[in-house]
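# Summary of structural features
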Amino acid sequence: MKAQPKSLTQKAAWKLLASHQKQVQKVHLRKLFSDDPNRARKFSLKTAGLFLDYSKNRITDKTMDLLLQLARECDLKRKIEDMFNGEKINVTENRSVLHVALRAPEKAKIWADGKNVVPDVHAVLKKMEQFAAMVLSGQWKGYSGKSIRNIVNVGIGGSDLGPVMAYEALRHYSRRDLVFRFVSNVDGIDFHEATQDLDPAETLFIISSKTFTTLETMTNAQTAREWLLAGMGNKMEAVARHFVAVSTNAEKVAAFGIDTKNMFGFWDWVGGRYSMDSAIGLSTMLAIGPDHFRAMLDGFHQMDVHFRTAPLDRNLPVLMGLLSIWNNNFLGAETVAILPYEQYLKRFPAYLQQLTMESNGKHVTLDGRTVSHDTCPVFWGEPGTNGQHSFYQLIHQGTRLIPCDFIAFAKALAPMGRHHDILMANVLAQAEALAFGKTADEVKAEGTAPELVPHRVFEGNRPSNILLADQLTPSVLGKLVALYEHSVFTQGAIWNVDSFDQWGVELGKVLAQRIIPELENSQEPRLKHDSSTNQLIRIYRKMKK
Ligand code: F6P
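Residues numbered from 1 in each chain as written. Predicted model: local features only at pLDDT ≥ 70, side-chain atom pairs only at ≥ 80, totals over all residues. Heavy atoms only, no water.

Turning next to the overall build of the protein. Across its full length, the protein carries 22 helices and 13 strands. Taken over C-alpha atoms, the radius of gyration comes to 25 Å for the protein, in line with the 24 Å a tight globule of 545 residues would show. Taken over the C-alpha atoms alone, the protein extends approximately 75 × 70 × 60 Å along its principal axes. Residues classed as buried in the protein amount to 54% of the 545 residues present. Nonlocal contacts in the protein, meaning residues at least 24 apart in sequence, comprise 73% of its contacts between residues at least 6 apart. For the protein, the distance from the average position of its 65 positive side-chain charges to the average position of its 58 negative side-chain charges is 2 Å. (Helix = DSSP H or I, 4+ residues; strand = E, 2+ residues; numbered from the N terminus. Rg over C-alpha atoms; globule rule 2.2 N^0.38 Å. Buried < 20%, exposed > 50% of the residue type's maximum accessible area, 1.4 Å probe, protein only. Contact = heavy atoms within 4.5 Å. Lys, Arg positive; Asp, Glu negative; His and termini not counted. Charge placed at Lys NZ, Arg CZ, Asp CG, Glu CD.)

Written as structure tokens, this is what we have:
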């Protein structure tokens, strides 16, 4: 009988990390810093224009050695190569995972199923650029002859979060004379609010859906078509001038009534949450222009090259991934806070939620065995400094350990008086306060009333990373996203899960399809759900009358 492969928790490095954690669990960051004046320098890394200071994690040299040993025992390097070589690492869907090809230079060769995919990628990019040039110059006319002034991206999940995040992040570079809107939710309010002040004659819809079957997107796309036709005298020919599609499914695009000439393709080896740099980024290209879009792709590519070639101990995404494993699996952190000190990154935490949790929120290993360890923590966050005046209380003094990723930039995009120095002082102060806290003696020495002392103590010893870049440019955004993509990959490779499928979203979709007619039927339906669902359906039917 074939021996079962060792589970992760049986690996030597995992066991060593577990006993090492017991030895260091009481060691405070205060001591680690006072023992080693070189600590900050030792535990930082600058690469591709991103500077990571990870010294405020609860780690020692030994921790890092063991985490790197774990990466080697889990064959991380080979797994990275497998991805870049187009191996079918998305095993449950039997697909290659090649988002790295979307930003590869034209001369690169990346193979999937015996075919170099890079020429196709660049052909689509050129088609997007030609289209963008026509729209941006006003040459592309709506049905009544007016130029396009409003662009509405209709999509959900990866077909929305990347575009909306990138649009917000790169607004500084965007065309201010054009209006960009994003419709994702099947709640009709989303469509209503996005379009209520727009003139259909000047509006272009980009229907973004990898599958072109997603309920929310198809419902919104139909509503968009009705809205357009109502405003254009019900002339069906208007649809071709006001709708383009981004999809892998030409058949469904044509069936919807969009001319496939106006379809921008991508491929099944691009996961939805890894697609913002594919044609799914068409709205981004329209907003920031083709040159900035190319600069963003180049930023992604620089991080790809670093991830593939840098040794594990000098590899930014690998280090971030391993630190996340340490915090999650060994220190018991259940969540991670993403805290950008850059208002333009306000949608970045939401974007990362899909990237991280849809990728690694898995309960079985690649071969279908129940995992012997926790997998993806919960990601959440808000821009600083706003969060400081709400949930940071819990991060500083609550009972849970919340590792934080602070993201900051040396230069403001719109410098204004003292704002940026104040912003930066805050991010540095938060990381310092979390790490070092304030002891009871320090609190007493300030003359605090004895009964208040416990309330004013900060335990500290709370881990954080600080990621610092020069300025938020398209290239830096590409690097940041690729950094997190590859950190997610690293964690998935250690946990041995399929980071590229998403079966967990299916059950709810199927059940919703069953419930829709039960809510809409004029006849009282015969319900066969559990008593709670049955009751709620009956009450809803009564209440909506
Ligand atoms: O339901 C999850 C999901 O499949 C995501 O993975 C994807 O990004 C999103 O839905 C949208 O899918 P599509 O682009 O096919 O409409």
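Considering all chains together, one arrives at 32 salt bridges under this definition. Notably, a salt bridge pairs aspartate 35 with lysine 31, separated by 2.7 Å at the nearest N-O pair. Here the residue aspartate 35 and the residue lysine 31 both occupy positions in helix 2 (residues 29-35), the gap between them amounting to 4 residues, near one helical turn. Judged by relative accessible area, which is 46%, lysine 31 ranks as partly exposed. In this structure, aspartate 197 and arginine 181 form a salt bridge, with 2.9 Å as the shortest nitrogen-oxygen distance. Taken as a pair, aspartate 197 in the loop between helix 8 (188-195) and strand 7 (203-208) and arginine 181 in strand 6 (residues 179-183) lie far apart in primary sequence, 16 residues in all. A relative accessible area of 23% means that arginine 181 is categorised as partly exposed. (Salt bridge = Lys/Arg side-chain N within 4 Å of Asp/Glu carboxyl O.)

In the vicinity of the ligand, 14 residues are found, and the nearest of them are Ser159, Ser209, Lys210, Thr211 and Thr214. One of the side-chain N or O atoms of serine 159 is found 2.6 Å from an oxygen atom in the ligand. Separating an oxygen atom of the ligand from a side-chain N or O atom of lysine 509 is a distance of 3.1 Å. Put simply, the ligand lies in the largest pocket. Here the residues of the shell around the ligand sort into 2 nonpolar, 9 polar and 3 charged. (Near = heavy atom within 4 Å. Polar contact = N/O pair within 3.5 Å; in protein donor to acceptor, adjacent residues only side chain to side chain. 1 Å grid on protein atoms, 1.4 Å probe; cavity = no way out; pocket = protein on both sides within 12 Å on 5 of 7 lines; lining within 4 Å. Sits in = over half its atoms within 2 Å of the grid points. Nonpolar A, V, L, I, M, F, W, Y, C, P; charged D, E, K, R; others polar.)

Together, Arg538, Lys542, Lys544 and Lys545 line one region of the surface with positive charge. Along the chain, lysine 544 turns up in the segment after helix 22 (531-543). (Patch = residues over 30% accessible without salt bridge, like charges linked within 9 Å, V, L, I, M, F, W, Y side chains within 5 Å. Areas by Shrake-Rupley, 256 points an atom, 1.4 Å probe, with all protein chains shown as cover.)

A few words now on the sheet that holds strand 1 (residues 44-47). Pairing in this open sheet of 6 strands is mixed, and the strands run 1-2-13-12-10-11 from one edge to the other. Whereas interior strands pair on both sides, the edge strands pair on one side only; in this sheet they are strand 1 and strand 11 (378-380). Pairwise comparison of adjacent strand axes, ignoring direction, gives a mean angle of 15 degrees for this sheet. Of the pairings in the sheet, the one linking strand 2 (residues 50-53) to strand 13 (residues 464-469) comprises 4 bridges and is antiparallel in character. Each bridged residue has a counterpart across the sheet, and for leucine 50 the counterpart in strand 13 is alanine 469. Against the sheet, helix 20 (residues 474-495) engages strand 2, strand 10 (335-340), strand 12 (404-409) and strand 13, with an angle of about 165 degrees to strand 12. (Pairing = 2+ DSSP bridges. Axes fitted to C-alpha atoms, helices over the stretch in contact; angles between N-to-C directions.)

So, about helix 14 (residues 316-330). Each α-helix turn comprises 3.6 residues. Residues three or four places apart therefore point the same way. Taking 1.5 Å as the rise per residue, helix 14 with 15 residues should run 21 Å; its terminal C-alpha atoms sit 20 Å apart, in good agreement. Here helix 14 lies mainly inside the structure; 15 of its 15 residues are buried. (Expected span 1.5 Å × (residues − 1).)

Another aspect to go through is the nonpolar core. In a soluble, globular protein the nonpolar side chains are often hidden away together inside. Core analysis: the biggest nonpolar cluster contains 123 residues, and Trp269, Leu286, Phe348, Leu477 and Tyr484 have the highest contact counts within it. If one sorts the elements of this core by residue count, helix 20 sits on top with 12 residues. One finds Phe212, Ala224, Leu228 and Phe256 within the second-largest nonpolar core, a separate group that totals 25 residues. (Core = buried A, V, L, I, M, F, W, Y, C linked by side-chain atoms within 4.5 Å.)

Over its 13 residues, helix 4 (residues 61-73) extends 18 Å from the first C-alpha to the last, a length consistent with the 18 Å expected when each residue adds 1.5 Å. When we look at burial in helix 4, the residues that qualify are Thr63, Met64, Leu66, Leu67, Leu68, Leu70 and Ala71. The positive-phi residue at the C-terminal boundary of helix 4 is aspartate 75, with phi of around 65 degrees.

So, about the pairing of strand 5 (residues 150-154). For strand 5, a buried count of 5 out of 5 residues is recorded, marking the element as mostly surrounded by other parts of the structure. Along strand 5, one buried face is formed by Asn150, Val152 and Val154 and the opposite face, lined by Ile151 and Asn153, is buried too. Where strand 5 and strand 6 come together, 5 bridges link them in parallel fashion. Each bridged residue has a counterpart across the sheet, and for valine 154 the counterpart in strand 6 is valine 183.

Turning our attention to the layout of surface pockets. Approximately 920 Å³ is the volume attributed to the largest pocket. Thr211, Thr214, Gln502, Val505 and Lys509 are the residues nearest the centre of the largest pocket, which is lined by 38 residues in total. For the lining of the largest pocket, the secondary-structure elements that each account for two or more residues are helix 9 (215-231), helix 15 (348-360) and helix 21 (506-520). When residues of the lining of the largest pocket are assigned to their parent elements, the largest contribution, 5 residues, is made by helix 21. Partitioned by chemical class, the residues of the lining of the largest pocket number 11 nonpolar, 18 polar and 9 charged. Taken as a whole, the second largest pocket holds about 450 Å³ of empty space. (Points joined across faces, edges and corners; volume = space filled by probe spheres on them.)

We now examine the packing of aromatic side chains. Taken as a whole and assessed by the stated rule, the structure comprises 23 aromatic pairs. Plain terms: the ring middles of phenylalanine 348 and tyrosine 351 are 6.4 Å apart, the flat faces sit at 20 degrees to each other, and that makes the pair stacked. Taken together, the residues span about one helical turn, with phenylalanine 348 and tyrosine 351 both in helix 15 at a distance of 3 residues. Tyrosine 351 shares its class with phenylalanine 348; the two are buried. A connected cluster of aromatic rings, assembled from ring pairs, spans Phe191, Phe205, Phe212, Trp227, Phe243 and Phe256. When the ring centre of phenylalanine 33 is taken as reference, the NZ or CZ atom of arginine 39 above it lies at 5.1 Å. The ring of tryptophan 140 has arginine 241 lying over it, and the distance from NZ or CZ to the ring centre is 4.2 Å. (Phe/Tyr/Trp six-rings, centres within 6.5 Å; stacked < 30°, edge-to-face > 60°. Lys NZ or Arg CZ within 6 Å of the ring centre and 35° of its normal.)

What follows covers the environment of isoleucine 206. Inspection of the secondary structure puts isoleucine 206 in strand 7. Taking relative accessible area as the criterion, isoleucine 206 reaches 0% and is therefore assigned buried. When the C-alpha atoms of isoleucine 206 and histidine 242 are compared, they prove to be 8.5 Å apart, with 36 residues separating the residues in sequence. Setting aside residues up to four positions removed in sequence, isoleucine 206 forms contacts with Ile151, Val152, Asn153, Val154, Val244, Val246, Leu282, Ser283 and Leu286.

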